Each structure stands twice: as C-alpha cells, then as structure tokens.
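Chain by chain, the residues run as shown.
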Amino acid sequence: MAEPAPWWKSAVVYQVYPRSFADSDGDGVGDLEGIRRHLDHLQWLGVDALWLSPFFRSPMADFGYDVADYCDVDPIFGTLEDFGRLVQEAHSRNLKVLIDWVPNHTSDQHPWFVASRSSRDDPKRDWYVWVDGTPDRPPNNWKAAFSQTEPAWTWDEATGQWYLHLFLAEQPDLNWRNPEVVAAMHDTLRFWLHRGVDGFRMDVIHALAKHPDLPDVDDPWLDTGRLDEPATHELIRGFRRLLDSYPGDRVSVGEVFILSTAKVAEYYGDDDELHLAFNFPPLFAPWDAAKWRKRVDRVAEEFEPRDAWPTWVLSNHDNPRHRTRYGGSEARARAAAVLLLTLRGTPFLYEGEELGLEDADVPKARQVDPGGRDGTRAPIPWDASPGHGWPGDPWLPWPPEPDVRNVESERANPASILHLYRRLLTARRASPALQLGAWRAIESPHGVLAYERAVDGDNGDRRVVVVNFTDQPHVVDLSGNWTVEVASDGAGEGEPYAGSIGADQAVLLSR
Ligand code: NOJ
C-alpha cells in the first residue's frame, strides 16, 4: 500500500491577516481572540488550515514583519494564552494552524540588533551584516524594497559601519552565515512547534544567505548575489530536518519571491527542502486563458519531474486583490474561484476573497503602509450593521459595499459568491481527483481553458473543469456525459452539461 499523502497536499489554506480579520477588544485592530471567535466561519466555509500573518511583538514598522520577539505575542494581538486557546479550538474543529516565520530580518528593536548595534565588539555584532565604508557611499548598489530607490544600507553613526536591510531600515537583515544565528532561529521554530503549530509560512526564504562578497548586481532588486544563494538551500535543508523530526507532518511553505517557476521548483530540493513554495508568476498573469495555460504548463514542466507539489494563490496581503486586478467584475472573480480551487496543487485563499471583496480605496490621509498595500488589507465586514461587527472604528477604511459584501448577508444568500466558495470546497473535499489527481488539458476554443482532473484507472474519480476567460459564450464539446456539479453563477447545477459555457462563466463537471 502506498503511504497516504500528507494532509497539506489535499488541504485548502486560508490566510488570516490578523490586524484586519476580527477585533475582540474594540481598539480597531484585529486580534487572536477575534480570530478564535470567528473560527465558525472558516469551518462552515470548509477550509482545512489557517495561515496567520505575524502576530509577534513588533514596533509595526512593517505591520509585524519586523519582529522584536519571535517567541511572544504582541499585546495588540493578545497573549500567548490567547494563542494557545486559538490553536486548541482550531484543532478541535479539524483546522490546522500555520504561522508566519520571518527569518530574513528582525526589527531594529529586537534585543539582538540593539546589542549588535551597541558596539563593534559586542558578541552579537556579527549576527547582522555590518560592512566598513564611508558615510557617503553605500557598500554596493542593492536597493531596499518598497522604495526601490533608496539603498539597502544604513550608516550607523555611532559605530561607523553600514548595516544591510533588504526592506526598511527598521528591518536589519540577520547574518545567516553565523551558526549562532542559525541555532537561535532554530530555537524559535522549536518554540512554536512545541506549542502545536502545524507549520510555517517562511517569509522571504530565498534571500537568507547573501553572497560573501556582497557584489554589485545588474538588477539591484532581483539578481542573484543578493538572492538565491546556494548557501540558502543548505539552510532550508536544516529547517526541513527540524520540522520532519516532529510528528504530524509539520509543513513549510516558503515565500520564494523569484519570478521564475524553474527557480521556485529548486526550493523543493530533492524532497529535502521546502514542502511547498509559493509560485507567484500566475498571480501576476492577466486574466487570459492562453497566459494561464502557459503558467499551468510551466508548473507541470518544472514541478512534476521533481515530484514537487504546486501551490496556487490569487490574492494576499501584498498585492491588490484579484477581483480588483481583473477589473472588478464579480462574475470573473467567481470564475477565478473555480480555477483556483480545481488546479493540481494546494490553493491558498486570502481572507475576504470568499466574499468577493475588492481593495478599499484608502484616502491619502489614512494610508499607513510603507509599501502602499493598505487597499488589500481593509477590514473584513462581518455583518450589515454600521460597525460591520467591529466593536470600534477599524484601522483602515472598509472595502467597497460592506453593506452587502459581508459574511452575514452573504451567508443568508445561497446565490452569493460566499456560497460558491463553499460549494467548491465541498466538491473538492469529496473528490480524490480534485484533491490529488493528475491534470490534463482538454482542447477548447480560444479564450477558454478546459481540463480534466483524474486519479488512476478507468473507473477512477474524474472531473472536468471549463473556465471561460472572455465575456462571450463559447461552445465547448466534451466527449461523454457530464453533469454540472458546480457552476460559478449557480446555473444548471445538478443538470446535464449542455455543451456550452456562458460569458465569464466556469463550471466543474462530474460524471
Ligand atoms: C513579504 C511579506 O509578505 C511582506 O508583507 C513583508 O513586507 C516582506 N516580506 C518583508 O518581511
């Protein structure tokens, strides 16, 4: 008997951005207790796991991606006890919990950096990347993310050296070539593994090791030298060994922000590096059947020979929501949901996409993110009341139409996009073909992507998916008799497939 697949291959993961999910204490910022109180929504929806964006102690220069203590909860989000309760209750509802581990950099307020900065002789000096030079000339041409024009270096007046930060000056990069850093960071993983987390989303994982010579690069933002060093793969093998030494299939999901699917595939190693890696080229692809076909083919070409299991993501806290990117149409957002939840691999949903949310229009006076990402981080509206279920004014303005695009209203309406997500998740859970089956393209007209998902054998489970990327109907002939199991607009579910697909429609068919 073949070993059963690990849980994370057939799972659907739901990203919670804690600041914006649900607030329990009225300070306008979401918290862990808020998440706990809304687990019912996630269970009803039918996802298998949550990934929580950072909730650790942080001065919030990058809203938690600047960590000042890896092993504590920031008071704005609650306490370690709140986290324990959340994990326990999630587990009792069969929901796994992944947390966000931010190993590339700490906050400049982390005691490690405070010590490192205090003097050139401090034992922690070498925990960060310090370089000699003169204040008028940064050590190389690397640029900091967000601004993309400012150097990735800050001159420290008191000790007369530069320190490296690929992101904000408040986010100094750790020196992963120092074994003490490796050991200390392994301890932070153990801390949470002992508290029962089921895995980690690993931030900026492709950038941990820097080239020892810190060379100038041609493309100061994407080139190797600053990213994608061989030594990073060795570090990841160490994380993998650590995770695999715990029972229960703990999972690593790496944020490999390299826009090359071939490169992303390398981060799975020989089944000894990441369990899963985000592959962002599809997220940046326009809503176009041919372009999507190419992205899906690239994943198959690069991932299958390595037995690497793909991931799919349309939205997250760093990019405009896909409904917004695809032009705002709900019909398209619905079709995209069918695509996302039927490709071969583990899908990641971003909080609120199940409500068909678009980005908030955030007036200048309320913009707070150094990376311009406020719109996608607007709070989740829970009901139609003026406060939408938030006890105080939330930290960011509401996304469009919160009076109708909210959990309570959509749950009461079987025709809503929320119910579509739920039907898709139900169908997925019941179908080995959708969860683990092979993917094969089916010939289809220009503008349409059609494919089969199937498990081995003539009598094995099979599904067909037809996604119309255009605003025109198309005839799509299929051999055999098929029944509409889920339609993006709900039309004809349970009835025979009639051989055509409506404008902006997508269908999941079964036999
Ligand atoms: C990627 C995270 O997703 C993003 O939100 C953050 O700003 C950077 N990494 C830096 O940690």
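Nothing here was measured: the structure is a model prediction, and the numbers come from that model. (Residues numbered from 1 in each chain as written. Predicted model: local features only at pLDDT ≥ 70, side-chain atom pairs only at ≥ 80, totals over all residues. Heavy atoms only, no water.)

A. Region of the structure containing the overall build of the chain. The number of helices and strands found in the chain is 16 helices and 20 strands. The C-alpha radius of gyration computed for the chain amounts to 23 Å, which stays within 12% of the reference 24 Å derived for 511 residues, consistent with globular compactness. If you line up the chain on its principal axes, its C-alpha atoms span 75 × 50 × 45 Å. Here the chain holds 511 residues, and the buried ones make up 60% of them. For the chain, long-range pairs separated by at least 24 residues make up 66% of all intrachain contacts whose partners lie at least 6 apart in sequence. (Helix = DSSP H or I, 4+ residues; strand = E, 2+ residues; numbered from the N terminus. Rg over C-alpha atoms; globule rule 2.2 N^0.38 Å. Buried < 20%, exposed > 50% of the residue type's maximum accessible area, 1.4 Å probe, protein only. Contact = heavy atoms within 4.5 Å.)

B. Quick peek at the side chain of Gln435. Tracing the sequence through the fold places Gln435 in helix H16 (residues 432–436). On the basis of relative accessibility, which here comes to 18%, the residue Gln435 falls in the buried class. When residues no more than four places from it in sequence are discounted, the contact partners of Gln435 are Lys9, Ser10, Trp309, Arg428, Arg429 and Arg453.

C. Region of interest: unusual backbone geometry. The residue Glu401 is not glycine, and still its phi comes out positive at about 55°. Residue position: Glu401 is located in the loop between strand S13 (346–350) and helix H14 (407–411). Positive phi is not limited to glycine here, since Asp504 has a value of about 55°.

D. Looking closely at the site of the ligand. Residues in contact with the ligand amount to 13 residues; listed here are only the nearest, Asp62, His105, Asp203, His317 and Asp318. One of the side-chain N or O atoms of Arg201 is found 3.0 Å from an oxygen atom in the ligand. Between the ligand and the protein, one listed contact pairs an oxygen atom with a side-chain N or O atom of Arg373 at 3.0 Å. Classifying every residue of the shell around the ligand gives 4 nonpolar, 2 polar and 7 charged. (Near = heavy atom within 4 Å. Polar contact = N/O pair within 3.5 Å; in protein donor to acceptor, adjacent residues only side chain to side chain. Nonpolar A, V, L, I, M, F, W, Y, C, P; charged D, E, K, R; others polar.)

Spatial relationships are all this shows, so hold off on functional conclusions.
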